Structures are given as C-alpha cells and as structure tokens.
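Fold and contact review
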Amino acid sequence: VATTKWLVLHLCVGDVWNTINNVEGRLGTSALLVPLVLLSALNAGRQYAAVSAKAGVMLTATVGWLSVATCLIWRTWQINKRDGKRDVLLPRKDGRRTRFVFED
C-alpha cells in the first residue's frame, strides 16, 4: 500500500507541474519544480524496486525520460525571454488565473 502511495504522489506532483508548464505557461516556476518530478519518480522507482525488481526496472524508463525533460525545461527557460527578461522562478500574482476546461 505504501509503495502505491509513492507512485500516486509522483503522479500528483507531475500533474501540478504539467498545469504550471503547459496550461499557465510559467516557464520559471516550471523549471524550478521539474526536478521535484524527477525526484518523485526516482523515489517511486526505488520503492517499487524494493518490492519487485521487475517493477523498479519498469519505472526506470520514466526516470530516464524525466532526466532529459529536466534539462530541456531548464534550457527552455534560459533561452526564452519575455520583454527582454526571463520568467521569474518563484510563483507570483500577475493577474493570470488558471482556467479549467469545464469553466465557462
């Protein structure tokens, strides 16, 4: 049961990051949080490997991809500027609001 909770935590962290990156477009905050997604996947893989080596190996592909994604997200933040400045790393109030598909 505890092992499954670690995987669920990883999925939750990934969903929060996905909203920040793809819905809100906050490149700085996304770059700051993407290592947490990688770490949560590493932890979930480690937890699953303790129960079943095969399950741990299966999560290795996710960790590999997230390692590459972390580098890509950081580089994307570095090269993209808005009004000559990089997006800030920490979340901020700027008038933008997350809108969900079902809100109309």
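Treat the numbers as computed from the prediction; the structure is a model and nothing was measured. (Residues numbered from 1 in each chain as written. Predicted model: local features only at pLDDT ≥ 70, side-chain atom pairs only at ≥ 80, totals over all residues. Heavy atoms only, no water.)

The subject of this paragraph is the nonpolar core. Of all hydrophobic cores here, the largest spans 11 residues; its members are Trp17, Leu27, Ala31, Val34, Val37, Leu38, Ala41, Val63, Leu66, Ile73 and Trp77. Of all elements in the fold, only helix H2 (27–51) and helix H4 (60–79) reach the threshold of two or more residues within this core. No other element matches H2, which puts six residues into this core. Ignoring anything within four residues of it in the chain, the contact list for Trp17 reads Ser30, Leu33, Val34, Val37 and Ile73. (Core = buried A, V, L, I, M, F, W, Y, C linked by side-chain atoms within 4.5 Å. Buried < 20%, exposed > 50% of the residue type's maximum accessible area, 1.4 Å probe, protein only. Helix = DSSP H or I, 4+ residues; strand = E, 2+ residues; numbered from the N terminus. Contact = heavy atoms within 4.5 Å.)

All right, on to the confidence of the model for the protein chain then. When pLDDT is averaged along the protein chain, the result is 88; 90% of the residues meet or exceed 70. The least confident element of the protein chain, judged by mean pLDDT, is helix H3 (residues 53–58) at 91; the most confident is H2 at 94. (pLDDT = per-residue confidence, 0-100.)

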